[in-house]
Amino acid sequence: MTGVELRQLRYFVAVAEELNFGRAAERLLIAGPSLSQQIKALERDLGVRLFDRDRRSVSLTPAGAALLPHTRSLLERADDLKRRAGRLSGSESVRLGYVNWLPADLTSRTASVARVHVDAWVAPSHTQAARVADGSLDLAVCWVRTEDLKRLGLRARLIGADRLYAVAKGTDTGDVAARDMDVLIDDDITSWASWNEYAEELARDTGAKAVRISDGAITGPAFFDHVRRCTRPVLNSPKGQTTPLPPDLVRREVDAPKVYWTWSLVRRESELRTGVLAVVDALCDDVGDLGIRTPDAWLPSDDPYAPGR
């Protein structure tokens, strides 16, 4: 078997799947006579006949049928070896966009697999997802729905999750039920489309009160002014998770249910580049469930990680 090549094994699998040398040759982008010669050479090196063929039909011999699953497995291992080798090279450039959150250890986790360039344009989730789809970015950390993934031709892996909390006046720091809080929804759908979709479904599902605003105060100092005007605790957005609270306001954990916002690392469904796929694995392989799959956790129904997805 010293003469057997991976290329010939791929030819064998293609012919076995097509059961037609002409179609297999078109699929492999090689000439039909060349394919036939390579299969004959493979049969000679293996010492068995793989196909019964005449002018009208092609079929696997018993030996060919027995060897086919082992050949597929061998090719899968060869592809995996190539991917792993590519990860070690760290030579490919990968463009990564984000909204407001990135893993703190992003650089150390990806340094050995690719050169990750974090895009300077911080944009809303729906914008970053669209940029991945059109090729402006290779990857993006953003919030997406399953519907968005299908529409844009993307795939997503869980990379992070925020358990959202409420901000309130007074000194009571006890837990608050979701039905007893307010959630802000802004008229500016250009900036807050993803948040508005999330907040509207949360209000419908939990009984939280939707409060319509038109000043972009989902986060920042103006958000705190809204909290002071509201009579109930107000849900904090993912963009405000790490913002220090003013001394006159307190943090209250949301319970019944616990409210989570997920961060996905999205890529194009057709992405084949080793460096991009290696970055996805490096950042997502050991993430775990982050608490989002507990019975008392709430996610939107179309969240890629919602129960049943």
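Per-chain numbering applies: the sequence of each chain, read as written, is numbered from 1 onward. Where local features are concerned, this predicted model is filtered to residues with pLDDT of at least 70; where side-chain atom pairs are given and counted, the filter is 80 or more; whole-chain, interface and lining totals use all residues. Side-chain numbers here rest on the full set of heavy atoms in the structure, without hydrogens or water.

Trainee: How should the environment of Arg-268 be read in this particular structure?
Mentor: A helix here means a DSSP run of H or I that spans at least four residues, while a strand means a run of E at least two residues long, and both kinds are numbered starting from the N terminus. Relative to the helices and strands, Arg-268 is located in strand β13 (residues 258-268). Classification of residues uses two cut-offs on accessible area relative to the type maximum, computed with a 1.4 Å probe and protein chains only: under 20% is buried, over 50% is exposed, and between them is partly exposed. Under the relative-accessibility criterion, Arg-268 is labelled buried at 14%. Separated by 131 residues in sequence, Arg-268 and Leu-137 have C-alpha atoms that sit 9.6 Å apart. Residue contacts are counted whenever heavy atoms from the two residues lie within 4.5 Å of one another. Residues contacting Arg-268, with those up to four places away along its chain left out, are Val-132, Ala-133, Gly-135, Leu-137, Asp-138, Gly-153, Leu-154 and Arg-273. There is a polar contact of 2.6 Å between the side chain of Arg-268 and the backbone oxygen of Val-132. Pairing of N or O atoms within 3.5 Å defines a polar contact, subject to two protein rules: one partner must be a possible hydrogen donor and the other a possible acceptor, and residues neighboring in sequence count only if both atoms are side-chain atoms.

Trainee: Just to check I follow, could you spell out the packing of helix α1 (residues 6-18) against helix α2 (residues 21-28) for this structure?
Mentor: The description of two packed helices rests on the angle between their axes and on the distance between the axes. Every axis corresponds to a line fitted to the C-alpha atoms, with the helix fit spanning only the stretch in contact, and the corresponding angles, defined between N-to-C directions, vary from 0 to 180 degrees. Orientation of α1 relative to α2, taken along the N-to-C sense of each, is 130°, at an axis distance of 8 Å. In terms of their interaxial angle, α1 and α2 are classed as oblique. For the crossing formed where α1 meets α2, the hand is right-handed. Contact residues: Tyr-11, Ala-14, Val-15, Glu-17 and Glu-18 in α1; Phe-21, Arg-23, Ala-24, Arg-27 and Leu-28 in α2. When residue character is reported, Ala, Val, Leu, Ile, Met, Phe, Trp, Tyr, Cys and Pro are called nonpolar, Asp, Glu, Lys and Arg charged, and the others, Gly included, polar. By residue class, the composition of the contact of α1 with α2 is six nonpolar, no polar and four charged. Angle categories: roughly parallel below 35 degrees, roughly antiparallel above 145, roughly perpendicular from 65 to 115, and oblique for all the rest. Should the near helix be turned anticlockwise from the far one by less than a right angle, the crossing is left-handed, and should it be turned clockwise, the crossing is right-handed.

Trainee: Even after reading the chapter, I still don't get the pattern of salt bridges, so can you show me in this structure?
Mentor: For side chains of opposite charge, pairing can occur when their charged atoms come near one another. When a carboxyl oxygen of Asp or Glu is within 4 Å of a side-chain nitrogen of Lys or Arg, the pair counts as a salt bridge. Inspection of the entire model under this criterion finds 29 salt bridges. With a shortest N-O distance of 3.4 Å, Arg-145 and Glu-197 are connected by a salt bridge. One end of the pair, Arg-145, is in the loop between β5 (139-142) and α7 (146-152); the other, Glu-197, is in helix α8 (residues 189-206), with 52 residues separating them in the sequence. We classify Arg-145 as buried; its relative accessible area is 18%.

Trainee: Would you mind showing me how to read the side chain of Gln-8 here?
Mentor: Looking at where Gln-8 falls in the secondary structure, it is placed in helix α1. Residue class for Gln-8 comes out buried when judged on its relative accessible area of 5%. Within the structure, the side chain of Gln-8 is placed 3.0 Å from the side chain of Gln-38, a separation counted as a polar contact.

Trainee: How should the side chain of Asp-148 be read in this particular structure?
Mentor: For Asp-148, the position within the fold is in helix α7. A distance of 2.9 Å separates the side chain of Asp-148 from the backbone nitrogen of Arg-145, its partner in a polar contact.

Trainee: What is the right way to look at unusual backbone geometry in this model?
Mentor: In most cases, non-glycine residues show a negative phi, while peptide bonds are predominantly trans. Along the chain, Ala-256 connects to Pro-257 via a cis peptide bond; the corresponding omega equals 0°. Positionally, Pro-257 belongs in the loop between β12 (249-255) and β13. You will see that Leu-19, though not glycine, has its phi angle at about 50°, which is positive. Residue position: Leu-19 is located in the loop between α1 and α2. Positive phi outside glycine occurs at Leu-29, with the angle close to 60°. Assignment of secondary structure puts Leu-29 in the loop between α2 and α3 (32-46). When its relative accessible area of 76% is taken as the criterion, Leu-29 is described as exposed.

Trainee: Just checking my understanding: could you explain the state of the cysteines for this structure?
Mentor: By definition, a disulfide links the sulfur atoms of two cysteines through a covalent bond. When the sulfur atoms of two cysteines come within 2.5 Å, that pair is taken as a disulfide. Under the counting rule described, the total for this entry stands at zero disulfides. You can see Cys-142 has no disulfide; the closest cysteine sulfur is in Cys-284, sitting 12 Å from it. Exposure remark for Cys-142: the relative accessible area of 0% places this residue in the buried category. We classify Cys-284 as buried; its relative accessible area is 5%.

Trainee: How do you make sense of the nonpolar core when you look at a structure like this?
Mentor: For soluble globular proteins, the rule of thumb is that nonpolar side chains tend to be buried together. Take the buried residues of types Ala, Val, Leu, Ile, Met, Phe, Trp, Tyr and Cys, join any two whose side-chain atoms come within 4.5 Å, and each joined set is a nonpolar core. One finds Leu-139, Trp-195, Tyr-198, Leu-235, Val-254 and Leu-265 to be the most contacted residues of the largest nonpolar core, which totals 60 residues. Contact partners of Leu-235, with chain neighbours within four places excluded, come to Leu-164, Tyr-165, Ala-166, Met-181, Asp-182, Val-183, Trp-195, Leu-202, Phe-223 and Val-254. Core analysis: the next-biggest nonpolar cluster, separate from the first, contains 18 residues, Val-13, Val-15, Val-58 and Leu-75 among them.

Trainee: Sorry if this is basic, but what is going on with the packing of aromatic side chains here?
Mentor: Here a ring pair, both rings aromatic, is described through the centre-centre distance and the interplanar angle of the planes. Centres within 6.5 Å are what make two rings of Phe, Tyr or Trp a pair, Trp counting through its six-membered ring; a difference in plane orientation under 30 degrees is then read as stacked, over 60 as edge-to-face, and the rest as tilted. Within this structure, the stated rule accounts for 11 aromatic pairs. With a centroid separation of 5.1 Å and an interplanar angle of 25°, the aromatic rings of Trp-143 and Trp-261 are classed as stacked. With Trp-143 in the loop between β5 and α7 and Trp-261 in strand β13, this residue pair connects regions lying 118 residues apart in the sequence. As far as burial versus exposure is concerned, Trp-143 and Trp-261 are alike and both buried. Judged by centre distance (5.6 Å) and plane angle (25°), the ring pair of Trp-195 and Tyr-198 falls under stacked. Of the two residues, Trp-195 and Tyr-198 are both situated in helix α8; the distance of three residues between them amounts to about one turn of the helix. Summarising the burial analysis for this pair, Trp-195 and Tyr-198 share the class buried. Through pairs of rings, three or more aromatic residues link up here, namely Trp-101, Trp-143, Trp-195, Tyr-198, Trp-261, Trp-263 and Trp-298. The ring of Tyr-165 carries the charged tip of Arg-251 above its face, separated from the ring centre by 3.9 Å. The criterion for a charge sitting over a ring is simple: Lys NZ or Arg CZ within 6 Å of the ring centre, and within 35 degrees of the ring normal.

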